[in-house]
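Summary of structural features
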Amino acid sequence: MTEFFDLLHADEQAALEAAGHRKQWRRAAVIFREASPSEAVVILRSGRVKVSSDTASGTEVVLAVRGPGALLGELSAIDGGLMSATVTALEPVTALSVPSPDFERYLLGHARVSFLLMRELTRRLRDADRKRIEFGAYDTTGRVAARLVELSERFGERTPEGLRISLPLSQDELAGWTGSSREAVTKALRTLREEGLIQTGRLHVIVHDLDALRDRAQ
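To keep things clear, this report deals only with the structure shown in the data block. The residue count restarts for each chain, going from 1 along the sequence in the order it is written. Given that this is a predicted model, residues contribute local features only at a pLDDT of at least 70 and side-chain atom pairs are listed and counted only at 80 or more, while totals for whole chains, interfaces and linings are drawn from all residues. Side-chain numbers come from the whole structure's heavy atoms, not from hydrogens or water.

Let us now look at the sheet that holds strand β2 (residues 30-32). Two strands form a pair only when DSSP identifies at least two bridges running between them. Secondary structure elements are taken from DSSP: a helix is a run of H or I of four residues or more, a strand is a run of E of two residues or more, and numbering for both begins at the N terminus. Taken in spatial order, the four strands of this open sheet run β2-β7-β4-β5, and their pairing is antiparallel. The open sheet has two edge strands with one neighbour each: β2 and β5 (60-66). The sheet shows a mean angle of 35 degrees between the axes of neighbouring strands, taken without regard to direction. Pairing analysis gives two bridges linking β2 to strand β7 (residues 86-89), with the strands arranged antiparallel. Following the sheet pairing, Val30 is matched in β7 by Thr88. Along the sheet face, helix α7 (residues 171-178) touches β4 (49-54) and β5 and points at about 95 degrees away from the line of β5. Axis lines are fitted to C-alpha atoms, over the contacting stretch for helices. Their N-to-C directions set the angle, which ranges from 0 to 180 degrees. By definition, residues are in contact when any of their heavy atoms lie within 4.5 Å.

Set out below in structure tokens:
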């Protein structure tokens, strides 16, 4: 999947770079905090982050994992509302930070980019709808398989053994991403291993058969 920044033409990228400045965050640092005021949008240039929200009971729900090129904080920059989610670095992150007023001026001056942003927001809405359907239609193993397919397609690295997903995402975080308990996720991963679809290690998963895993997610 091509992320937002990579869809821009060279001159559009240069203008956006000129409107902001580079920032770095260490692993586990909070880039945005839910319900905080909007000050800037962030475009990831290296590293990956998780987007999450806390329930009333304090349970973390992981909404998405984003990688290089992804745009973050755009909704609050557009409507002036509070941040709708917390964004946390899963690994060291370098990003372009653009103050919200400057981002708005940039969009007003770049009609094509405004359209690309509208298309990106539509894609995310469709993705959110699809995940809501998954929660009602799939069991835990199916939801875990679906998330592993997503991670494979976006971040998988080809190795002789299969697609390797190297991502510091814990089983607790995977549970929060699939709306399941940690115990249920552990059981689902064991089932997928026993079926020969994946191999797990410390902070990595190797997908042996992506097509079969995709079928398992349906």
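For Phe, Tyr and Trp, where Trp contributes only its six-membered ring, two rings pair if their centres lie within 6.5 Å, and the inter-plane angle classes them as stacked under 30 degrees, edge-to-face over 60, or tilted in between. Under the definition given, this model contains one aromatic pair. When the centroid spacing of 6.5 Å and the interplanar angle of 25 degrees are considered together, the rings of Phe103 and Tyr106 count as stacked. Note that Phe103 and Tyr106 are positioned in helix α4 (residues 100-109) at a spacing of three residues, about one turn of the helix. Given the relative accessible area of 1%, Phe103 is considered buried. Each residue's exposure class comes from its accessible area (1.4 Å probe, protein chains only) as a fraction of the maximum for that residue type: buried when under 20%, exposed when over 50%, partly exposed otherwise.

Take the sheet that holds strand β6 (residues 71-72) next. The pairing of strands in a sheet comes from backbone hydrogen bonds and takes either a parallel or an antiparallel form. Ordered in space as β1-β8-β3-β6, the four strands form an open sheet in which the pairing is antiparallel. Every interior strand has two partners, whereas the edge strands, β1 (21-25) and β6, have only one. Two strands pair when backbone bridges link them, and β1 and strand β8 (residues 93-99) are joined in this way by five bridges, in the antiparallel orientation. Paired with Gln24 across the two strands is Thr94, which belongs to β8. Contacts between helix α2 (residues 10-19) and the sheet are confined to β1, β3 (40-46) and β8, with β8 contributing the most and set at about 80 degrees to the helix. Across the sheet, α4 lies against β3, β6 and β8, angled at about 75 degrees from β8, the strand it touches most.

Next up on the list: the nonpolar core. Val144, Leu148, Leu192, Ile198 and Leu213 are the most contacted members of the largest nonpolar core, which has 27 residues in total. Sorting the residues of this core by element identifies β5, α6 (140-155), β10 (162-166), α7, α8 (182-194) and β12 (204-207) as the ones contributing at least two each. Here this core takes seven residues from α6, the largest share from any one element. Those residues within four positions of Leu213 in sequence are excluded, and the remaining contacts are Ala145, Leu148, Val149, Leu192, Leu197, Ile198 and Val207. Each nonpolar core is a collection of buried residues, namely Ala, Val, Leu, Ile, Met, Phe, Trp, Tyr and Cys, held together in the definition by side-chain atoms within 4.5 Å.

Moving on to unusual backbone geometry. A positive phi is found at Ala35, a non-glycine position, where the angle reads about 75 degrees. Within the secondary structure, Ala35 sits in the loop between β2 and β3. Even without a glycine there, the phi angle at Leu203 is positive, about 55 degrees. Within the secondary structure, Leu203 is located in the loop between β11 (198-201) and β12. Among the residues examined, Leu203 registers a relative accessible area of 38% and is labelled partly exposed.

Sheet topology note: the β4/β5 ladder contains six bridges and is antiparallel. Pairing of Val49 across the sheet is with Arg66, part of β5. Counting the residues in the hairpin turn of β4 and β5 gives five residues, including Gly58, whose phi is positive at 95 degrees.

So, on to the pairing of β12. Residues His204 and Ile206 of β12 are buried on one face, and the alternating residues Val205 and Val207, pointing to the opposite face, are buried as well. Summarising the sheet, β10 and β12 pair through four bridges and their orientation is antiparallel. Bridge pairing in β12 places Arg164 opposite Ile206. Sheet topology note: the β11/β12 ladder contains four bridges and is antiparallel. Each bridged residue has a counterpart across the sheet, and for Gln199 the counterpart in β12 is Ile206. Here β11 folds back onto β12, and the loop between the two strands holds two residues, one of which, Leu203, carries a positive phi near 55 degrees.

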